Structure formats: structure tokens, C-alpha cells
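Topology and contacts: notes
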Amino acid sequence: MRVLIVDDEALARQRVRRLLQNETDVEIVGEAESGTEAVTMIRERQPDLVCLDVQMPGLDGFGVLREIEGGPVPMVLFVTAYDEHAQRAFDVHAVDYVLKPVDGERFRAAFDKARKQRANAVAAERLGELLETVRRLADGGVSEARDGATALASLAGAAAPSAPVAAAGANGRYASRILVKQDGRMFFVKTTEIDWIEADRNYVRLHVGKTAHTIRERISHLEETLDPRLFARIHRSTIVNLNRVREMQQWFSGDYVVILEDGTRLRLSRHYRDRVEKQVGV
């Protein structure tokens, strides 16, 4: 695993480096003394994991994460002297949060989490590649598609079901799973299992059958990660899985009511009507 150490204190960087050197699968790709330097090194060296201090002069740890938005984002293990930032660390999906002075066993446990997340992410990536292969084979012939599906099933059985990073779809652009944190645990919800999504300010609720999972995310950003062949924005606060739609009924003022297979009734506003009709081929 390629690791970048970021801390403005030399002794703190030295402590983390020594702990990492006890791990057999680690390559330390660099050390940054400031947030600005960290941003540059993350972009240039693309580490798998960043051991990141929170409070640094100028650009702090959370500022570093804001700066690298839109590009490759590594896993983050916060190493800091202050526990007041723990909630924000979870909000940005950090692997873990280790307090200074760093205890060796505590750090090792946190690093093991990162190791497992990376292994699961690699498995998810391979699964996505196989999905693409199966789709191509399906266009070429039934027997070849069956062979590809067999390989896919084999890998799917070996891959861990709850990698704590978003897994890309077969086309590499759209999410196939969404991370949920609930009751002190983290797990994935497959996008294909979501019936509809409801916005609530800076949060969204994923409705899966009779269960609803709340995550901190803006609906506009989530919409960009979902495959438009499967999901449609029908209202400023609603996204629906098109495979769950049973019928649409005209309401009033140009609006429609979308009725799902389980009887859930959702409003399709005029603003989104044309877009939805194009998505469903009307």
C-alpha cells in the first residue's frame, strides 16, 4: 500500500513512519509538512492512504480534502492531538481517527481497516471489469456470455460485500453501491436495490423496501453518480429507480403521480417531465 504522511511536526511524522515500517506491505511515498504541500503530493504521487494531521498552519487537514475534490481521492487516516474533530472525520468517510500520542496497537488496528478497505476496493474494481466483459460477450454470443458470467459469479463470491468505498459500475462512471453508516457500523447498499431517494437538506434517504437509510449527501451530487438508464430525477427532492415504476397518472397543473410497484406515490413535477420521458423512451 502506498502511503503519504502529512503532519507539520517532524516528531509526529517520525512516529508514524516507524509504525508504518513495521507493516510488510507499505511503501511510504513521501512526507508533507503542510496542507499545501500535501495537496501537491497527493495529486502527483496518488497514494492509496494518507495519514493526515487535522490542525496545521494555513491549510488544515479538512482543507486538503476540499482541495483534492474532483480528482483521485485516497483513503484518509486522521492522526491528531484533538478528538473534537472526530465527527467531521466520519462525515468525510475517513478510515479511522487516531489520537496523539499515537499508540502502536491503536494505529495498527486503524491501518488494518485501511488494508481491508483497499482489498475490497480492488475486488470491486475487478468485479466491475468482469461485468463489462460479460456485457460485451452477451452481444457476441450466448455461450461466451455464459462463460463470462461464470467467472463473474466466482469473483462475486470471493469479494467482500461491504467495501467502505464507493464501487464504480461496469462503465467506470456510475456507482453500483452506496456507503451507509448506521449504528456504529458501515455497509454498502446496492443501487439496484434502491426503490427511490428522498432529499432532506444536506442529507438523503435511500428507500430500500421497508427500510430507509440516511446518509450525508446532496441529492444533486448523488444524482451525478447514478446511472441515468436506471434512475431518474422526478422532483427537486426525489430520484426514482425506473425499474420500480408501475405506472404514471396525470395529476393537475401538468404534474404527474408516479406509482411504484409497492404502491408508493411520488410526484413528477413539470420541470423534470420532459427529461423523464426521454429517459423512458416516451
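This section reports on the structure supplied with the text. (Residues numbered from 1 in each chain as written. Predicted model: local features only at pLDDT ≥ 70, side-chain atom pairs only at ≥ 80, totals over all residues. Heavy atoms only, no water.)

**Quick notes on helix α2 (residues 35–45)**
Residues lying three or four places apart along an α-helix face the same way, a consequence of the helix completing one turn every 3.6 residues. Rule in force here: Between buried and exposed lies partly exposed: a residue is buried under 20% and exposed over 50% of the maximum accessible area for its type, with that area taken using a 1.4 Å probe on protein chains only. Here a helix means four or more residues in a row that DSSP labels H or I, a strand means two or more in a row labelled E, and each is numbered from the N terminus. Here, two residues are considered to be in contact whenever any of their heavy atoms come within 4.5 Å of each other.
Inspection of α2 places G35, A38, V39, M41 and I42 among the buried residues, and these make up the whole buried set. The inward-facing, buried residues of α2 contact β1 (2–6), β2 (27–32), β3 (49–52) and α3 (61–67). Backbone geometry just downstream of α2 places Q46 in the positive-phi region, at approximately 45°.

**Some words on the nonpolar core**
Counted only if it meets this: The term nonpolar core refers to a set of buried residues drawn from Ala, Val, Leu, Ile, Met, Phe, Trp, Tyr and Cys, joined through side-chain atoms within 4.5 Å.
In terms of nonpolar packing, the biggest core is built from 21 residues, with L4, V6, L52, V64 and F78 touching the most fellow members. Broken down by secondary-structure element, the contributors of at least two residues to this core are β1, β2, α2, β3, α3 and β4 (75–80). Apart from residues no more than four positions distant in its own chain, L52 is found in contact with V6, G61, L65, V76, L77, F78 and V79.

**Notes on the pairing of strand β8 (residues 196–200)**
Within a regular beta strand, the side chains point alternately toward one face of the sheet and then the other, so they alternate between its two faces. This is how the line gets drawn: Strand pairing is assigned whenever DSSP identifies at least 2 bridges connecting the two strands.
Relative to strand β9 (residues 203–208), β8 runs antiparallel, the two being bridged by 5 bridges. The residue bridging D200 from the neighbouring strand is Y203, located in β9. Relative to strand β12 (residues 238–241), β8 is paired through 3 bridges, and the arrangement is antiparallel. Of the residues in β12, the one forming a bridge with W196 is V240.

**Considering unusual backbone geometry**
The omega torsion of the bond from K100 to P101 falls at -10°, within 30 degrees of zero and hence cis. You can see P101 is positioned in the loop between β5 (96–99) and α5 (104–140). You will see that Q46, though not glycine, has its phi angle at about 45°, which is positive. Phi at R201 is positive, roughly 55°, even though this residue is not glycine. Inspection of the secondary structure assignment puts R201 in the loop between β8 and β9. Owing to a relative accessible area of 75%, R201 belongs among the exposed residues under this scheme.

**Concerning the pattern of salt bridges**
Applied cut-off: For this analysis, a salt bridge means a side-chain nitrogen from Lys or Arg found within 4 Å of a carboxyl oxygen belonging to Asp or Glu.
Applying the stated criterion across every chain, the model contains 20 salt bridges. Salt-bridge contacts for R205 lead to E198; the nearest nitrogen and oxygen are separated by 3.3 Å. According to the relative accessible area criterion, E198 is partly exposed, its value standing at 23%. Among the ionic pairs, D200 bridges to R201, the shortest N-O distance being 3.8 Å. Residue classification places D200 among the partly exposed positions, given a relative accessible area of 29%.

**Focus on the packing of aromatic side chains**
Applied cut-off: The rule is short: rings of Phe, Tyr and Trp, with Trp giving its six-membered ring, pair when the centres are within 6.5 Å, and they are stacked under 30 degrees, edge-to-face over 60, tilted in between.
Tallying each qualifying case throughout the model produces 2 aromatic pairs. Summarising the aromatic geometry, the rings of F62 and F78 are spaced 5.1 Å apart at their centres and angled 40° between planes, so their arrangement reads as tilted. With F62 in helix α3 and F78 in strand β4, this pair connects stretches of sequence that are 16 residues apart. Each member of the pair F62 and F78 is classed as buried.

**A word on the sheet that holds strand β15 (residues 265–268)**
To keep it simple, the criterion reads: Inter-axis angles, ranging from 0 to 180 degrees, are taken between N-to-C directions of lines fitted to C-alpha atoms, where helices are fitted over the stretch in contact.
Overall, antiparallel pairing links the 3 strands, which are arranged β13-β14-β15 in an open sheet. Since the sheet does not close on itself, it has two edges, and those belong to β13 (245–250) and β15, each with one partner. On average, each strand axis in the sheet is inclined to that of its neighbour by 30°, with strand direction left out of account. As judged from the 5 bridges shared by β13 and strand β14 (residues 256–260), these two strands associate in the antiparallel manner. For Q249, the partnering residue across the bridge sits in β14 and is V257.

**Looking at empty space enclosed by the protein**
Using the following cut-off: Only protein atoms enter the calculation, which uses a 1 Å grid: trapped sets of points that fit a 1.4 Å probe without letting it out are cavities, open sets showing protein on both sides within 12 Å along at least five of seven lines are pockets, and any residue with an atom within 4 Å of a point is a lining residue. Grid points are joined across faces, edges and corners, and a volume is the space filled by probe spheres set on the points. Charged means Asp, Glu, Lys or Arg here, nonpolar means Ala, Val, Leu, Ile, Met, Phe, Trp, Tyr, Cys or Pro, and polar covers whatever is left, Gly included.
A full pass over the atoms with the stated rule returns 1 cavity of 30 Å³ or more. Considered as a void within the structure, the largest cavity measures approximately 30 Å³ in volume. Looking at the largest cavity, the residues that line it are I5, V6, D7, A12, R13, V16, C51 and V79. Taken together, the elements giving at least two residues each to the lining of the largest cavity come down to β1 and α1 (10–20). Its residues assigned to classes, the lining of the largest cavity comprises 6 nonpolar, no polar and 2 charged.

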